[in-house]
Each structure stands twice: as C-alpha cells, then as structure tokens.
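The primary structure of each chain is shown beneath.
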Amino acid sequence: MAQTLFSSLVQDYVRAHGWGLNRPEGRMVALAGDAELDEGNIFEALLEGWKQGLRNCWWIIDYNRQSPRRRGARGPLGTLRATVQEFRLERGDREIRFAATSRVPGAGRRQTQDLDRQLPNQLYSALVFAGGAAWRKRLTDEIGDQGDVTRLIDKRSDAELAALMNNLGVLEAFHGADSDKPTCFICYTVKGFGLPMAGHKDNHAGLMTPAQMETFQKAMGVRPGHEWDEFEGLALPAEKLQGFLDRVPFAQDKARRLSAPVIDVPETLPVTIAPTMATQTGFGALLNEIGRGDGDFAKRIVTTSPDVTVSTNLGPWVNRRGLFAREIMADTFKSERIPSTFNWDFSPKGQHIELGIAEMNLFIALSALGLSHSINGERLLPVGTLYDPFIARGLDALNYACYQDSRFMVVATPSGITLAGEGGAHQSISEPLIGLAQDGLASFEPAYVDELAVIMAWAFAYMQKSGGEDSSLVARPDAKPDSTFAGRAPGLNWLRDETGGSVYLRLSTRPVEQIQREMTPELRQQIVDGAYWQRLPGPNCQVIVAYTGAIAPEAIEAVGPDGGRPPRRRPARGDVGRPAQCRLDRGAARP
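These lines cover the structure that appears in this document, whether it is placed above or below.

Parameters and conventions
- Sequence order as written defines residue numbering, which begins from 1 separately in each chain.
- In keeping with the model being predicted, local features are shown solely for residues with a pLDDT of at least 70 and side-chain atom pairs are shown and tallied solely at 80 or more, while totals for entire chains, interfaces and linings include all residues.
- Computation of side-chain values: all heavy atoms of the structure, hydrogens and water removed.
- Each helix is a run of DSSP H or I of at least 4 residues and each strand a run of E of at least 2, with the numbering of both proceeding from the N terminus.
- Only protein chains enter the area calculation, which uses a 1.4 Å probe; residues under 20% of their type maximum are buried, those over 50% are exposed, and those in between are partly exposed.
- Note on definitions: a residue-residue contact is assigned when non-hydrogen atoms from the two residues lie within 4.5 Å.
- The protein chains shown are the only cover counted for residues, whose accessible areas, like all others here, come from Shrake-Rupley with a 1.4 Å probe.
- As used in this structure description, the phrase polar contact means that two N or O atoms lie within 3.5 Å; if the pair is within protein, one of them must be able to donate a hydrogen and the other to accept it, and residues adjacent in sequence are counted only when both atoms belong to side chains.
- It is the directions from the helix axis to the C-beta atoms that the arc portrays.
- Aromatic pairing here means that ring centres of Phe, Tyr or Trp (its six-membered ring) are within 6.5 Å. Orientation follows from the plane angle: under 30 degrees is stacked, over 60 is edge-to-face, and everything else is tilted.
- Only Lys NZ and Arg CZ are tested; either one counts as a charge over a ring when it is within 6 Å of the ring centre and within 35 degrees of the ring normal.
- The convention used is that axes are lines fitted to C-alpha atoms, helices contributing only their stretch in contact, and that angles between N-to-C directions extend from 0 to 180 degrees.
- Any angle from 65 to 115 degrees is called roughly perpendicular, while one under 35 is roughly parallel, one over 145 is roughly antiparallel, and all others are oblique.
- Basically, the charged four are Asp, Glu, Lys and Arg, the nonpolar ten are Ala, Val, Leu, Ile, Met, Phe, Trp, Tyr, Cys and Pro, and anything else, Gly included, counts as polar.
- Paired strands, as defined in this entry, are two strands with at least two bridges between them according to DSSP.
- Just to be clear on terms, a salt bridge is a Lys or Arg side-chain nitrogen sitting within 4 Å of an Asp or Glu carboxyl oxygen.
- Joining through side-chain atoms within 4.5 Å is the link that ties buried Ala, Val, Leu, Ile, Met, Phe, Trp, Tyr and Cys residues into a set, and such a set is a nonpolar core.
- Points on a 1 Å grid over protein atoms alone make up a cavity when a 1.4 Å probe fits among them but cannot get out, and a pocket when they form an open set with protein on both sides within 12 Å along at least five of seven lines; lining residues each have an atom within 4 Å of a point.
- Grid points are joined across faces, edges and corners, and a volume is the space filled by probe spheres set on the points.

## Some details on the overall build of the protein
Here is step 1 of the chain: The helix and strand inventory of the protein stands at 24 helices and 17 strands.
Here is step 2 of the chain: Counting over 591 residues, the protein shows a buried share of 49%.
Here is step 3 of the chain: A separation threshold of at least 6 residues defines the contact pool for the protein, and within that pool the share at least 24 residues apart is 77%.
Here is step 4 of the chain: Surface exposure of the protein reaches about 29,000 Å², of which carbon and sulfur atoms provide 55%.

This is the structure:
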C-alpha cells in the first residue's frame, strides 16, 4: 500500500518536471487484507501522502473480518474510516455491503441498515458457511414479513439466496470513483468465496480435499485436462473475450514494463579536496559541484532524506536545486528578511523531496523513484541520505526495493566507531553486514574523497545498467588487456556488473588527512573492484595490514615508522622489509 502511494507521488514528480507528458496519467492500485492494516508503515506513509497532496491512488481493503488472530473483530473498521478521512482520502465503502438488497423494490435504506446492524462479523461469516437454508431462517426470524423483501427471499432456492446474500456490489463503488482523488475502498468480502470452506473461521490456509476440488471444478465448468485453457469455464465465446481484451487501453502498449534512455554520466566528478577532509563533507561538495550543471545528468538526480538533510550534507545541493512540491511555496524566512544560509523554496521544479523521520518511508520512496524508468518511462537517479545505524529501521523496505530491482544510491553516515561529534547514539557496527548480504546492493566504505568521487561516478552509471547492455567495466571473453581493464584478467565477468543494481555508501564525519596522488585508470579500476595496494609488499614482507573506511590513520600509524601521515607517493615495487598496506574500498561481496 505504501509503495503505491509513493509511486503516485513519483509520477507527479516526473510530470511536474515536464517529462512523460505524452503518456496518460496512471492510477496506482493496492489490494490488501484488513489484518495487514496492522502494519505501521502504512500509516507512516499516509502522513507523507497527506503532506505531498497525493493523487491517483486507490487502496482496496479486503475487509473479510477473518483475521486469523482477531476473528470477527469490528473495532478496526471505525478507526480506519476515521483515519482515511483525517488524511483526506475519499472513502468508497458506501453501499458496498448488501447492495443487491437495496435494489429490491420497496426495500428502503432502513431495512438494509437494520440488517447490517443485526449481522455482526462472526454471524455473517457463519451464515456464509452454513448456506442458503441458514440464511432463510435467520432472515425470516429477524426481519419478519416485509412484503417485497419476503417475496424476494421466498422465490429463490437456497443456493440462489446464498448467492444473493454474498453479492456485495463492489463494482458500483469502483465506477463511482472517477476523479484523481486518492480513494480507499473498504470492501466487505467473503473469505474463501465460492469454496466449500467460505466463511468458516478455520479457513485460513485451508486446502480443499480432492473430492471438494472435483465438485468445485465441475461447478466452475472447467473440464479435466483443460485447467490451463485461457477462457475455460467462461460463458462468452473465446473470440469475443479476446477481442475485448485486445481493445482495452491497458493492453494497447503491449509492454507493461517500460524503459528509458541511459543518462550520460561524466567520467570524472570534479571536487575540491582539502588537505584534511571527511568523506561526508566530500559527498556534499561533489553534489554541490554536480548541482552547478544544467545538463540532463544534474536534472535527473533527485535527493530525499528523513529529516536529516542538512546534517548529511545535502544542504548545498538543495540550495541550488530547491525542494519539490506540486505548488510553489515561498521560503518564509526569506520573505521576512531573516538571514539564513539556506534558501529553500518549494516548487514543482525542485529536486529534493522532504520526508519526515521514518526510514521505512525513505526506502519505499527510493524504491518508487528507482523504478520510474520502468513504470513511467522516465529515468531518475535517486540519492537518499540517512544516519547509518538507522538503516535497520527500514531494512524490510530496503530488501524489497532491491528485490524489485529498483535503482538508487543510499548514502549513510556516520559509519563505524569513528563518531566525531555525533556521539554513541549514532554508532554503527553491524551495518557493513547489510551491505555484504543484500543482493542487488553494491557496498563501499571509502576513506578518501578522491576514492568517493570515483565510486560515485561509477555508481551513477551502475544504477542504469541492464542485463543486455554492453558494459565498459566488464571484460568479455574476447576482451584484450588495455587501460580500461587494467589489473584484470581477460574474460573476467561478474553477473552484477552486467545487470547493475543499487549502491550503498558508508561515509564518515571524521576528518582524515587526504592523499595527494594521480588518479590513474589502473587505480580507478582497483577502487571499483574493491581493493588496492597503498604500499606494495616487497619480497621479505611478513605482515599485511588490511583496512577500510575512516580508520585509515590508525592503520597507517600501525605500519610505521613514518607515523600517522599517509604516504605522499606510491612506493616503488622494490620497497622491502616493511609491512604492506591494502586499502579495501568495498564492503560488499560480489554475488
């Protein structure tokens, strides 16, 4: 449900920027059971939908009142009705239950309401399971002689009466909701509709016996051996049904999964590197430089963050590119002439989406943004920032985003035990395991800003790869050694480098003395591959110190004897007798 909400917001973002206007707007639809409304992220997402002016989104609640944990509970319905109204979602639950009864001549709304009140959830489900005879007795006893209603009941067989009482009139509500307003349909339904165990309280995960299945198959008009025929069991001729399906707008484009051109990424990202610098600061400086540009690359980047925009160094980027909103909202501090380092105006052309403090919303938003090329036919390059230890708060959404093959960059800081001014509350210890274990997520933990620049340039291209696309970073079986593939054996091939994926950068707020060096093609490739020698081992080397991230000064000092300063040059291959150093830039295994 939250995914459809954020997908609808992404559609608005794309169209507000003038892209994809040649395609009609789509409506995002989610179907969920009533018990699934216990999931808190649904209500967290409602807050963002309310703030962002949600449109074109339907939530269809299958309210069968048979949660395996709370059979027959009625309380959540009232809460749900109040919630969707509070957050300005239209409610489409009017007249859904017993719609057939309300059409009977002479059967007024009062009788329908009375019947609804006299049939609590458990009793309704029990009568569905018991069948038409039980319905007849209950209706006759409870309603008494009601003229047209009684005649309606009397002229139907038990089977016909059961079918009538199970007719819940959902389609009328769908046809009545034809605007772009977000709508929640609370649909009374029958769990196990049409099956022998329909309505029974024990039907959760229930299976039919072979005899029941045979009876059900005959009732559905499905011949043995024809179970997979496309139109088997349907009354209309196959050619008429196929003709209708060929004409519906949904099928006109044929391909349901769209595609978008690859956005060209500069080979190098310019950045001014201070003698001492933290990678988080470097990240902000890199985005700031990108924000100066006016090309397609800068325009397609969209950033988002759960409340920590400034403290994750997105401030300069937002100053340049603005915040996104469907309507222009001026910066009140600016209009009141109050000095501020941040000039944050909201407009349809803004490129930063402001979120509240909810990491589940962040990852669902990144998932929706990272699927825009597939859903809207328009490519975005999403970047989301957060504090590294709080990735665990949204881990379920991150996992499913990668599973759906969404493409985005997660920038998490501060990483590791180098807390700087952040304190122990933001200490991050186990998160590298997430980067190692999550398929579809390439993980890096650079120590130096020049490494970060290389990784980010690679990442923006990696996020756009597809399985059939030629890759300049993957050696083919017929590849010849050259500078592009320096350091690799010809024929080396990694599946994820073929298909691409999302990227996780663990950065730090700890300032580290930067290395002054030339970024050669060989070093660039080794950074992306995952490790390089900072000091080459000689023939008498007995110890190798391998490290990653912001503990670089400690590793360098441990090697000694030149103290904690990083070397100003790359050592010659003849250096002997001293420990070697290996820089590990990547925290992720190649799946």
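## Re unusual backbone geometry
Here is step 1 of the chain: Positioned with a positive phi, Asp307 is a non-glycine residue whose angle comes to about 80°.
Here is step 2 of the chain: By secondary structure assignment, the location of Asp307 is in the loop between strand E6 (301–306) and helix H15 (315–321).
Here is step 3 of the chain: Even without being a glycine, Asn313 presents a positive backbone phi close to 70°.
Here is step 4 of the chain: In this fold, Asn313 is placed in the loop between E6 and H15.

## So, the environment of Arg223
Here is step 1 of the chain: The topology assignment puts Arg223 in the loop between helix H11 (210–219) and helix H12 (238–247).
Here is step 2 of the chain: For the pair Arg223 and Gly233, spaced 10 residues apart in sequence, the C-alpha separation works out to 7.9 Å.
Here is step 3 of the chain: Beyond its immediate sequence surroundings of up to four residues, Arg223 is in contact with Gln217, Asp229 and Glu232.

## A look at the side chain of Gln438
Here is step 1 of the chain: Relative to the elements of secondary structure, Gln438 occurs in the loop between helix H20 (431–437) and strand E12 (441–444).
Here is step 2 of the chain: In this structure the side chain of Gln438 is engaged in a polar contact, spanning 3.3 Å, whose partner is the side chain of Asn399.
Here is step 3 of the chain: Residues in contact with Gln438, not counting those within four places in the same chain, are Asn399 and Cys402.

## Here we look at helix H24 (residues 552–559)
Here is step 1 of the chain: Restricting attention to buried positions, one finds in H24 the residues Ala552, Ala555, Ile556 and Val559. Looking straight down H24, one finds that the buried residues subtend no more than 95° of arc, so they occupy a single side. In H24, the exposed residues that point more than 90 degrees away from the buried face are Glu557 and Ala558.

## Some remarks on the packing of aromatic side chains
Here is step 1 of the chain: Applying the stated criterion across every chain, the model contains seven aromatic pairs.
Here is step 2 of the chain: Ring centres 4.3 Å apart and planes at 20° place the aromatic pair Trp458 and Tyr462 in the stacked group. Residue Trp458 and its partner Tyr462 are located together in helix H21 (residues 449–462), separated by four residues, close to a single helical turn. For the pair formed by Trp458 and Tyr462, the shared burial category is buried.
Here is step 3 of the chain: A cation sits over an aromatic face here: Arg300 above Trp19, 3.9 Å from the ring centre.
Here is step 4 of the chain: Arg393 extends its terminal NZ or CZ atom over the ring of Phe390, reaching a point 4.1 Å from the ring centre.

## Examining the packing of H21 against helix H23 (residues 521–529)
Here is step 1 of the chain: Following both chains from N to C, one finds H21 and H23 inclined at 70°, their axes separated by 10 Å at the closest point. As summarised for this structure, H21 and H23 are arranged roughly perpendicular, according to the angle between their axes. Only Arg524, Ile527 and Val528 of H23 make contact with H21, whose side of the interface consists of Glu451, Val454, Ile455 and Trp458.
Here is step 2 of the chain: Considered class by class, the residues forming the contact of H21 with H23 number five nonpolar, no polar and two charged.

## Considering the pairing of E6
Here is step 1 of the chain: In terms of residue burial, E6 counts as a mostly covered element, since six of its six residues are buried.
Here is step 2 of the chain: Alternating residues of E6 divide into Ile301, Thr303 and Ser305 and Val302, Thr304 and Pro306, and every residue in both groups is buried.
Here is step 3 of the chain: Taken together, the four bridges between E6 and strand E9 (residues 352–355) define a ladder with parallel strand orientation. What sits directly across from Pro306, in E9, is Leu355.

## Quick look at the side chain of Gln534
Here is step 1 of the chain: The topology assignment puts Gln534 in strand E15 (residues 531–535).
Here is step 2 of the chain: For Gln534, a relative accessible area of 4% gives the class buried.
Here is step 3 of the chain: Among the polar contacts made by the side chain of Gln534, one reaches the side chain of Tyr547 at a distance of 2.7 Å.

## Observations concerning the pattern of salt bridges
Where charged atoms of side chains with opposite charge meet at close range, the side chains can pair.
Here is step 1 of the chain: For the structure on display, the rule yields 20 salt bridges.
Here is step 2 of the chain: Across the pair Arg326 and Asp12 runs a salt bridge, and its minimum N-O distance is 3.8 Å. Here Asp12 lies in helix H1 (residues 2–16) and Arg326 lies in the loop between strand E7 (323–324) and helix H16 (332–335), a separation of 314 residues in the sequence.
Here is step 3 of the chain: Overall, Arg326 belongs to the partly exposed group, its relative accessible area being 39%.
Here is step 4 of the chain: Residues Glu451 and Arg517 are paired through a salt bridge, measuring 3.3 Å at the closest nitrogen-oxygen approach. Of this pair, Glu451 sits in helix H21 while Arg517 sits in the loop between strand E14 (512–513) and H23, and the two are 66 residues apart along the sequence.
Here is step 5 of the chain: Each of Asp12, Arg15, Glu25, Arg55, Asp180 and Arg326 takes part in salt bridges that share partners, so that together they form one network.

## Considerations on the pairing of strand E13 (residues 502–506)
Here is step 1 of the chain: Most of E13 sits out of view: five of its five residues are buried.
Here is step 2 of the chain: Of the two faces of E13, the one lined by Ser502, Tyr504 and Arg506 and the one lined by Val503 and Leu505 are each fully buried.
Here is step 3 of the chain: Bridging between strand E11 (residues 409–412) and E13 involves four bridges; their strand directions are parallel. Residue Val410 lies in a different strand from E13, and its bridge partner there is Tyr504.
Here is step 4 of the chain: Bridge count between E12 and E13: four bridges; the pairing is parallel. Of the residues in E13, the one forming a bridge with Phe444 is Leu505.

## Structural notes on the nonpolar core
Here is step 1 of the chain: By size, the foremost hydrophobic cluster in this structure holds 49 residues, and its most contacted members are Phe6, Trp59, Phe363 and Ile391.
Here is step 2 of the chain: No other element matches helix H17 (residues 359–369), which puts eight residues into this core.
Here is step 3 of the chain: Grouped together as the second largest cluster of nonpolar side chains are 48 residues, Met409, Ala457, Phe460 and Val512 included.

## Digging into the layout of surface pockets
Here is step 1 of the chain: Size it by volume and the largest pocket reaches roughly 1,600 Å³.
Here is step 2 of the chain: For the largest pocket, the lining is made up of 45 residues, of which Arg27, Met28, Val29, Arg256 and Ile375 are closest to its centre.
Here is step 3 of the chain: Residue assignment for the lining of the largest pocket shows that the elements contributing at least two residues are H1, strand E1 (28–33), helix H2 (40–52), H17, helix H18 (372–375) and helix H19 (395–403).
Here is step 4 of the chain: It is H1 that provides the largest number of residues to the lining of the largest pocket, a total of seven residues.
Here is step 5 of the chain: Along the lines of polarity and charge, the residues of the lining of the largest pocket split into 21 nonpolar, 13 polar and 11 charged.

Everything listed is a geometric property; what it means functionally is a separate question.
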